[in-house]
Amino acid sequence: MAVQTPNTIDLFSIGIHKRAFRNLSPSALYKLALEAKDDSAISSTGALISFSGAKTGRSPKDKRIVKNPASENDIWWGKVNIPFAAASHKANRDLAVRYLNEAENVYVLDGYAGWDEKYRLKVRVITTRPYHALFMHNMLIRPTDAELASFGEPDYIIYNAGHKPADRTVEGVTSTTSVSLSFEDKDMVILGTEYAGEMKKGVFTIMNYLMPKQGELSMHCSATAEQGGERSAVLFGLSGTGKTTLSADPNRNLIGDDEHVWTEDGIFNIEGGCYAKVIDLSAEKEPEIFGAIKFGTVLENVAYDEHYDVQYDYTPLTSNTRASYPIEYISNARIPCKAGQPTDIVFLTCDAFGVLPPVSKLSPAQAMYHFISGYTAKVAGTEVGVTEPEATFSACFGAPFMVWHPAKYAELLAEKMKKHNTNVWLINTGWAGGAYGVGERIKLKYSRAIIDAINSGELAKMPTETDPVFGFDVVTECPNVPSEILKPRNAWADKAAYDAQAKKLAKMFNDNFAQFADGASAEVKAAAPKS
């Protein structure tokens, strides 16, 4: 076992020939970050502002998983899970260790993934940047002093040598960035990117492999629970659909904003913190998140003025500006982050085509279809070359982090939905009355009202009409939501244009689902829209 003093640890057993700072306090990490002369600063509200360098988002094309006989038949190989030779992973790890040995300081963060002790993992992060250590201090579950003293050896290690470019002569490395994961060596190596989200999503990828292996469903979702009670609700959605925003509900207990596991006992959060997008953040629109931007929070890649006031609406580096904070910074968070069985599941989509209704109820087969599809849309102007709405499909609302075939997660979802009689809803937080550029974005207060009606049980009692193209039950009345926007076709001035747009989107769904059709049941395939 490694020899350690309260704030240091030796890493000799893994080839790092120096003592490392271990689980330093946020105050100590602030001091070291400012001394590092990497442009870190302290915002006017006390958050640590840091910058991730050239990479301001994840690098999914550079992610690799070691192909090993022990696990290769479990893994959904392809564009998401690209195979990597064990020798190449070792070469990456050796390069990372050499870099860590040459660094002025090395920081270790030991923490847990998973609030349920039956399933939790011990994770060790090794890095050279204080901001990365503080980020993972927030994102992992923080051990007590007693737990840290008896932490022992970790289940998984993350070697973060992100400042060091990857070696492109290594077989399978195709750029100066390489993120490789071995389920057999139980480690992950990061080279050529300092974006902190790679560590967080690396842990999620590990849990996405281990939990289904134990018959439990890992989910890319936010979750809330009734205050003082056990009934929970789960919200799935890709970036920009409102997953984090709509889970920050003052009338509910927050279980977590991004990563959960559904077991026979209920749900639990994988993480100890939140990683919220802060573009255009304001106290009026998102008071809970705005209030969490204080001492201990990491603000990533944001702009600020001469008074160190953050300019949330000014994004010269990236629109993917983020805040990482401990979950207890949200006043209504439930600690420990666990709850009972979900009564309702919500699929969030930002439909820039203006076709999908603000809310509809899905049958079990439709739920499976839409879960496997994982639809949202980009809007014109968000990326170079995007001049009109562009459909995006991400299996299980998190394809970049899925290790098994999507059918594995869908089967687990169906099994748990059936056992616990869970309602499933599709909510459009995108456009109504026309596509992007013609219609209007559905107001956040209306989406909140829909979520409130779901959580209270009122929405399940409201009248519905079957959509002729998509087949789901469109909810036609909802408290505090104008009835004229609930039926999407009625909200369009040009009904023929709506019909054409609906058929266009339906075809996109069907074209995307073709890759999963062989593994889908006849019932699920019959839930497809009519294009």
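Residues numbered from 1 in each chain as written. Predicted model: local features only at pLDDT ≥ 70, side-chain atom pairs only at ≥ 80, totals over all residues. Heavy atoms only, no water.

- If you look the protein chain up in an unreviewed UniProt entry, it shows as Phosphoenolpyruvate carboxykinase (ATP) from Cardiobacterium hominis.
- The Subunit (unreviewed entry) field of the UniProt record for the protein chain holds the comment "Monomer."
- Check the Pathway (unreviewed entry) section of the UniProt entry for the protein chain; it says "Carbohydrate biosynthesis; gluconeogenesis." (UniProt positions renumbered as here; feature names shortened; annotations may be inferred.)

**So, the overall build of the protein chain**
Here is step 1 of the chain: Across its full length, the protein chain carries 14 helices and 30 strands.
Here is step 2 of the chain: A compact globule built from 531 residues would reach a C-alpha radius of gyration of about 24 Å, and the protein chain, at 23 Å, matches this within 12%.
Here is step 3 of the chain: When its C-alpha atoms are laid out on the principal axes, the protein chain stretches across 70 × 55 × 50 Å.
Here is step 4 of the chain: Taking all 531 residues of the protein chain together, 60% fall into the buried category.
Here is step 5 of the chain: Restricting the contact set of the protein chain to residue pairs at least 6 apart, pairs at least 24 apart contribute 72%.
Here is step 6 of the chain: Surface exposure of the protein chain reaches about 20,900 Å², of which carbon and sulfur atoms provide 51%.
Here is step 7 of the chain: Distance between charge centres in the protein chain, computed from 55 positive and 64 negative side chains, equals 3 Å. (Helix = DSSP H or I, 4+ residues; strand = E, 2+ residues; numbered from the N terminus. Rg over C-alpha atoms; globule rule 2.2 N^0.38 Å. Buried < 20%, exposed > 50% of the residue type's maximum accessible area, 1.4 Å probe, protein only. Contact = heavy atoms within 4.5 Å. Areas by Shrake-Rupley, 256 points an atom, 1.4 Å probe, with all protein chains shown as cover. Lys, Arg positive; Asp, Glu negative; His and termini not counted. Charge placed at Lys NZ, Arg CZ, Asp CG, Glu CD.)

**Here we look at the packing of helix α8 (residues 364-373) against helix α9 (residues 406-420)**
Here is step 1 of the chain: Running from N to C, α8 and α9 cross one another at 150°; their axes reach a closest spacing of 10 Å. Here α9 runs roughly antiparallel to α8, going by the angle between their axes. Viewed along their axes, α8 and α9 form a crossing whose handedness is right-handed. Where α8 abuts α9, its residues Pro364, Ala367, Met368, Phe371 and Ile372 lie against Tyr409, Ala410, Glu411, Leu413, Ala414 and Met417. (Axes fitted to C-alpha atoms, helices over the stretch in contact; angles between N-to-C directions. Parallel < 35°, antiparallel > 145°, perpendicular 65-115°, else oblique. Left-handed = near helix turned anticlockwise from the far one by under 90°.)

**Side note on the pattern of salt bridges**
Note that side chains of opposite charge can pair when their charged atoms are close.
Here is step 1 of the chain: Summed over the entire model, instances satisfying the criterion amount to 26 salt bridges.
Here is step 2 of the chain: Between lysine 213 and aspartate 74 there is a salt bridge whose closest N-O contact spans 2.8 Å. Taken together, the residues lysine 213 in helix α5 (residues 197-213) and aspartate 74 in the loop between β6 (63-66) and β7 (82-84) connect sequence positions 139 residues apart.
Here is step 3 of the chain: The shortest N-O distance in the salt bridge between aspartate 258 and lysine 200 comes to 2.7 Å. In this pair, aspartate 258 sits in the loop between β15 (252-256) and β16 (259-263) while lysine 200 sits in helix α5, placing the two residues 58 residues apart along the sequence.
Here is step 4 of the chain: In this structure aspartate 258 comes out as buried when scored by relative accessible area, which is 8%. (Salt bridge = Lys/Arg side-chain N within 4 Å of Asp/Glu carboxyl O.)

**Some details on helix α1 (residues 26-35)**
Here is step 1 of the chain: Where α1 is concerned, the buried positions are Pro26, Leu29, Tyr30, Leu32 and Ala33.
Here is step 2 of the chain: For α1, the secondary structure elements touched by its buried residues are β4 (41-42), β5 (48-50), β8 (107-113) and α3 (130-139).
Here is step 3 of the chain: Looking one or two residues past α1, lysine 37 carries a phi angle of roughly 55°, positive in sign.

**Focus on the UniProt feature "binding site: Mn(2+)" (unreviewed entry) in the protein chain**
Here is step 1 of the chain: Mapped onto this structure's residue numbering, the UniProt feature "binding site: Mn(2+)" (unreviewed entry) falls at Lys201, His220 and Asp258. Taken together, the annotated residues stretch across 58 residues yet fold into one region, lying no more than 10.3 Å apart by C-alpha.
Here is step 2 of the chain: Along the chain, histidine 220 turns up in strand β13 (residues 217-226).
Here is step 3 of the chain: The buried category is assigned to histidine 220, whose relative accessible area is 8%.
Here is step 4 of the chain: Residues in contact with histidine 220, not counting those within four places in the same chain, are Lys201, Phe204, Phe236, Gly237, Lys243, Asp258, Phe397, Gly398 and Phe401.
Here is step 5 of the chain: In this structure the side chain of histidine 220 is engaged in a polar contact, spanning 3.3 Å, whose partner is the side chain of lysine 201.
Here is step 6 of the chain: Those residues in contact with aspartate 258 that sit more than four places away from it in its chain are Lys200, Lys201, Met219, His220, Cys221, Ser222, Lys243 and Glu271.
Here is step 7 of the chain: A distance of 3.0 Å separates the side chain of aspartate 258 from the side chain of histidine 220, its partner in a polar contact. (Polar contact = N/O pair within 3.5 Å; in protein donor to acceptor, adjacent residues only side chain to side chain.)

**Some remarks on the state of the cysteines**
Here is step 1 of the chain: In total, this model carries zero disulfides according to the counting rule given.
Here is step 2 of the chain: Cysteine 274 provides the cysteine sulfur closest to cysteine 337, a residue in no disulfide bond, and the two sulfurs are 8.2 Å apart.
Here is step 3 of the chain: Residue cysteine 337 is classed as buried on the basis of its relative accessible area, which comes to 0%.
Here is step 4 of the chain: The thiol sulfur of cysteine 396 is not disulfide-bonded, and the nearest other cysteine sulfur, from cysteine 221, lies at 12 Å.
Here is step 5 of the chain: With relative accessibility at 1%, the residue cysteine 396 sits in the buried group. (Disulfide = S-S within 2.5 Å.)

**As for the packing of aromatic side chains**
Each aromatic ring pair is described using two quantities: the centre-to-centre distance and the angle formed by the ring planes.
Here is step 1 of the chain: Tallied over the entire structure, the rule returns 27 aromatic pairs.
Here is step 2 of the chain: Plain terms: the ring middles of tyrosine 112 and phenylalanine 151 are 5.6 Å apart, the flat faces sit at 45° to each other, and that makes the pair tilted. Taken as a pair, tyrosine 112 in strand β8 and phenylalanine 151 in the loop between α4 (145-149) and β10 (156-161) lie far apart in primary sequence, 39 residues in all. Of the two residues, tyrosine 112 and phenylalanine 151, neither departs from the other in class, the shared state being buried.
Here is step 3 of the chain: Each residue in the set Trp76, Tyr369, Tyr375, Phe393, Phe470, Phe472, Phe509, Phe513 and Phe516 is aromatic and connected to the rest through ring pairs, giving one cluster.
Here is step 4 of the chain: Positioned over the ring face of tyrosine 112 is arginine 120, at 3.6 Å from the centre of the ring.
Here is step 5 of the chain: Against the face of phenylalanine 151 rests lysine 122, its NZ or CZ located 5.5 Å from the ring centre. (Phe/Tyr/Trp six-rings, centres within 6.5 Å; stacked < 30°, edge-to-face > 60°. Lys NZ or Arg CZ within 6 Å of the ring centre and 35° of its normal.)

**Some remarks on unusual backbone geometry**
Here is step 1 of the chain: A cis amide bond links isoleucine 335 with the next residue in sequence, proline 336, at an omega value of -5°.
Here is step 2 of the chain: Tracing the chain through its elements places proline 336 in the loop between β20 (322-326) and β21 (338-339).
Here is step 3 of the chain: The phi dihedral of phenylalanine 397 is positive, around 55°, even though this residue is not glycine.
Here is step 4 of the chain: Along the polypeptide, phenylalanine 397 turns up in the loop between β25 (390-393) and α9.
Here is step 5 of the chain: Accessibility expressed as a relative area gives 1% for phenylalanine 397, which makes it buried.

**Observations regarding the side chain of threonine 177**
Here is step 1 of the chain: Along the chain, threonine 177 turns up in the loop between β10 and β11 (178-182).
Here is step 2 of the chain: Residue classification places threonine 177 among the buried residues on the basis of a relative accessible area of 2%.
Here is step 3 of the chain: A distance of 2.6 Å separates a polar atom in the side chain of threonine 177 from a polar atom in the side chain of lysine 55.
Here is step 4 of the chain: Ignoring anything within four residues of it in the chain, the contact list for threonine 177 reads Lys55, Ser59, Asp62, Ala166, Leu191, Gly192 and Thr193.

**Description of the domain arrangement of the protein chain**
Here is step 1 of the chain: When the domains of the protein chain are assigned, the result is domain 1 (8-39 + 54-216) and domain 2 (342-527).
Here is step 2 of the chain: Taking only C-alpha atoms into account, the centre of domain 1 sits 35 Å from that of domain 2.
Here is step 3 of the chain: Listed per partner, the contact involves 17 residues of domain 1 and 13 residues of domain 2.
Here is step 4 of the chain: When the buried area of domain 1 at its contact with domain 2 is split by residue, Trp76, Asn208 and Pro212 rank highest and sum to 41% of it.
Here is step 5 of the chain: Here lysine 416 and glutamate 216 are joined by a salt bridge, their closest N and O atoms 3.2 Å apart.
Here is step 6 of the chain: Applying the counting criterion to the domain 1 and domain 2 interface returns eight residue pairs in polar contact (both at pLDDT 80 or more).
Here is step 7 of the chain: Here the element with the most residues in the side of domain 1 that touches domain 2 is α5; it accounts for seven residues. (Domains from an automatic or database assignment. Buried area = accessible area lost by both parts, 1.4 Å probe.)

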